[in-house]
Amino acid sequence: MTAALDSISLDDNPSAARSRNRAPSLSTACPPAGVVRPPTTTSSSGSRVGADPFHNASQLCKRLFRLRITRLLAWGYLAISMIVFTFHLPSLTYKYNHQQHASSSTPGLKTTTLLQNVNSQTMISSSSHGSSASSPIDELSYQLRLSKMFSKSLGRMDHLRPHWFSATVDPDPQSLTLATVLTMDEWPNLIRLAEQWKGPISAALQIPTDGTNLGSGTMLQHLSSIRRHYDTNPTLARNVDLHLIARPTSGNDGRIRTGQQDARNLARLFARSRYVAHIPVTTLWMTNLTAAVSTYLDRLDAGDLLVVPTFAFPKESNRKIATIAFGMEEEYHWPTSKAEMVEWVDDNRMGILDYHWNLNTGPTSYPLWREASEPYLVPNYDYHYSPVYIATRDDHPWCEERFMDEPSACLYSTYLNGANLWVLPNDYIVRTGQEPENKLTKDERILQLKLYKNYRIEQCVFYARQFDQVGTFSTEQSDHVQQECVKELGSLRRQKMISSALSKSHH
């Protein structure tokens, strides 16, 4: 009776029937390891009872996997897949990075950048100048890059190409580099400066664009002209690192009015020596500043600045020297020694130029310079003071980039940071005296003066707090903060007191 019931349950079990009639699959034909199969028996008629209907297929899979040719084919397929993936990986990475760059580009500008446009012009390519396995930018420390990266910039640059032309002669890392900023109409001044200096120069050239087509014919014409000058002038090719900045113009005259501050920073940032002199590109002549740096190297390394007096002609001079053409300097004469310069100044033919002051009345102090034989400290510093100075490239604050063109702000933060201003006793530069202090319109100048006042208060609070946190507020390093900021913060207190008194009187 039990045997009969067992035979009925086996024959009539629907799931068992489906299992016998199910088509073989990967899991049934080649079951995973660890699966225990039911024991098999043989009936009297010779048929196997309880056996897996796919037993033969399972045995076939096992035998197939044991074959050497099968394992070789599997390993070969894996190796070929890895080779193909490695071969296509660089192109996939490039496409991804290109898409990321395009998606983060400035709105309103074409995706074709100035660099692509310039490189497509073989006649303008700068590959023949300064081509090397490594870029000079690689030598910048990451601390220096980060300090520049987070500076506040007023205007966004359309495009920047550092070392668009690199000097063919690598400067001595301990030498002096002239850092300057110019536009295309000042290009002859750069040639004159390079011919006169004959040493390393880091120049930031700003080229105007219409803001839409960075590869316009006008820009390419400018760049072609620059390339011809580098090909024909050995002094430019040997000593001048040219950093290209393309900017949109403002106003109806097509002139660039913004970006002087960050351009000054870029010229300093990409200088390839430890010591940098911030020189106007319109400088006519200068003494041997390299000798001065060698003589007073200890002061620069201590964090101080060397001020180079600027001598200029009086504005009422009958000589039309405001626009001295390149190549015409021999028709003009200026003193080339201190003794001769003293004679000229005593005859009122020249004088020390400090913007915001009349000749010989500014903080540089001509009476002290006349008698000096050693460097002397600027006797009466003022926040409008913006002389030519020499400093180390890496150890001072950057020019504040919230301003359009305020060179005195470059010195103000450095002065508050504790740097002493030493005036060189025997060196100077010569300018016409007709150059404007900045390139701002009247309205822009008024707005910048108001902004500069708030900036001075901000810097006073910042450096006072910094010195207090590191415990140096009572040392000589904070003397400039205590002396200069009494004026700013004292004025601020008086204003607050007056405002408070007025508000109480109204109540």
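Just so it is clear, the structure is predicted and the values come from calculations on it, not from any experiment.

Peer 1: Tell me about the side chain of H396, residues and numbers included.
Peer 2: Structurally, H396 is set in the loop between strand 13 (388-392) and helix 16 (407-416). When residues no more than four places from it in sequence are discounted, the contact partners of H396 are R268, G303, D304, L305, A391, T414 and A419.

Peer 1: Break down the environment of D354 for me, with residues and values.
Peer 2: Its place among the elements puts D354 in the loop between strand 11 (351-352) and helix 15 (366-371). The sequence separation of D354 and F311 amounts to 43 residues, and the corresponding C-alpha distance is 8.9 Å. Discounting residues that sit within four places of it in the chain, D354 has contacts with G362, P363, T364 and Y385.

Peer 1: I'd like a description of the environment of N233, backed by residues and values.
Peer 2: Within the secondary structure, N233 is located in the loop between helix 9 (217-232) and helix 10 (234-239). Separated by 42 residues in the primary sequence, N233 and I191 have C-alpha atoms spaced 8.7 Å apart. Among all residues touching N233, those that are not within four sequence positions of it are I191 and E195.

Peer 1: Summarise the pairing of strand 4 (residues 176-183); cite the residues concerned and give the values.
Peer 2: Counting buried residues in strand 4 gives 8 out of 8 residues, a clear majority hidden from the surface. What you see with strand 4 is no split at all: L176, L178, T180 and L182 on one side and T177, A179, V181 and T183 on the other are buried throughout. Here 4 bridges tie strand 4 to strand 7 (residues 275-278), and the two strands are oriented parallel to one another. Bridging from a neighbouring strand, A179 pairs with H278 of strand 7. Direction of pairing for strand 4 relative to strand 5 (residues 201-209): parallel, over a ladder of 6 bridges. The partner of V181 across the bridge, within strand 5, is A204. Note that the unit made of strand 4, helix 8 (residues 187-197) and strand 5 has a crossover that is right-handed.

Peer 1: Break down a nonpolar patch on the surface for me, with residues and values.
Peer 2: Among the surface-exposed residues, L64, F65, L67, I69, L72 and L73 lie close enough to one another that they form a single nonpolar patch of about 630 Å² accessible area. At the level of elements, helix 4 (55-66) and helix 5 (68-103) are the ones that each hand at least two residues to the nonpolar patch. Per-element tally for the nonpolar patch: the top contributor is helix 5, with 3 residues. The topology assignment puts F65 in helix 4.

Peer 1: Requested: an account of the packing of helix 16 against helix 17 (residues 442-469), with residues and values cited.
Peer 2: At a minimum axis distance of 10 Å, the contact between helix 16 and helix 17 shows a crossing angle of 20°. It follows from the interaxial angle that helix 16 and helix 17 lie roughly parallel. When the axes of helix 16 and helix 17 are compared, the crossing they make is right-handed. Between helix 16, through S408, A409, Y412, S413 and L416, and helix 17, the contact on the second element is made entirely by Y452, Y455, R456, Q459, C460, Y463 and F467.

Peer 1: Describe the state of the cysteines, with residues and values.
Peer 2: Evaluated as defined, the whole model comprises 2 disulfides. Through a disulfide, C399 is tied to C410; the S-S separation comes to 2.1 Å. On the sign convention where negative means left-handed, the S-S torsion of about 120° between C399 and C410 marks this disulfide as right-handed. With a gap of 11 residues between them, C399 in the loop between strand 13 and helix 16 and C410 in helix 16 connect regions that are remote in the sequence. Of the two residues examined, C399 and C410, each falls in the buried class. Residue pairing for C460: its cysteine sulfur links by disulfide to C485, the two sulfurs lying 2.1 Å apart. Its S-S torsion of about -90° marks the bond between C460 and C485 as left-handed, since a negative value means left-handed.

Peer 1: Which residues make up the confidence of the model for the protein chain, and what values do they have?
Peer 2: When pLDDT is low, close inspection of the predicted coordinates is not appropriate. Taken as a whole, the protein chain shows an average pLDDT of 76; of its residues, 66% reach a score of 70 or greater. Long-range and interchain partners of residues 1-37, a stretch whose pLDDT sits below 50, account for 21 contacts in this model, where long-range means more than four residues apart. A low-confidence stretch, residues 100-132 stays under pLDDT 50, and its non-local contacts, those more than four residues away or across chains, total 47 contacts.

Peer 1: Which residues make up the environment of E374, and what values go with them?
Peer 2: Within the element layout of this structure, E374 appears in the loop between helix 15 and strand 12 (376-377). Taking the C-alpha atoms as reference, E374 lies 8.6 Å from V423; in sequence the two are 49 residues apart. Contacts of E374, omitting those with residues within four sequence positions, involve Y296 and P425.

Thresholds, definitions, all that
- Residues numbered from 1 in each chain as written.
- Predicted model: local features only at pLDDT ≥ 70, side-chain atom pairs only at ≥ 80, totals over all residues.
- Heavy atoms only, no water.
- Helix = DSSP H or I, 4+ residues; strand = E, 2+ residues; numbered from the N terminus.
- Contact = heavy atoms within 4.5 Å.
- Buried < 20%, exposed > 50% of the residue type's maximum accessible area, 1.4 Å probe, protein only.
- Pairing = 2+ DSSP bridges.
- Right-handed = clockwise from strand over helix to strand, strands pointing away.
- Patch = residues over 30% accessible without salt bridge, like charges linked within 9 Å, V, L, I, M, F, W, Y side chains within 5 Å.
- Areas by Shrake-Rupley, 256 points an atom, 1.4 Å probe, with all protein chains shown as cover.
- Salt bridge = Lys/Arg side-chain N within 4 Å of Asp/Glu carboxyl O.
- Axes fitted to C-alpha atoms, helices over the stretch in contact; angles between N-to-C directions.
- Parallel < 35°, antiparallel > 145°, perpendicular 65-115°, else oblique.
- Left-handed = near helix turned anticlockwise from the far one by under 90°.
- Disulfide = S-S within 2.5 Å.
- pLDDT = per-residue confidence, 0-100.

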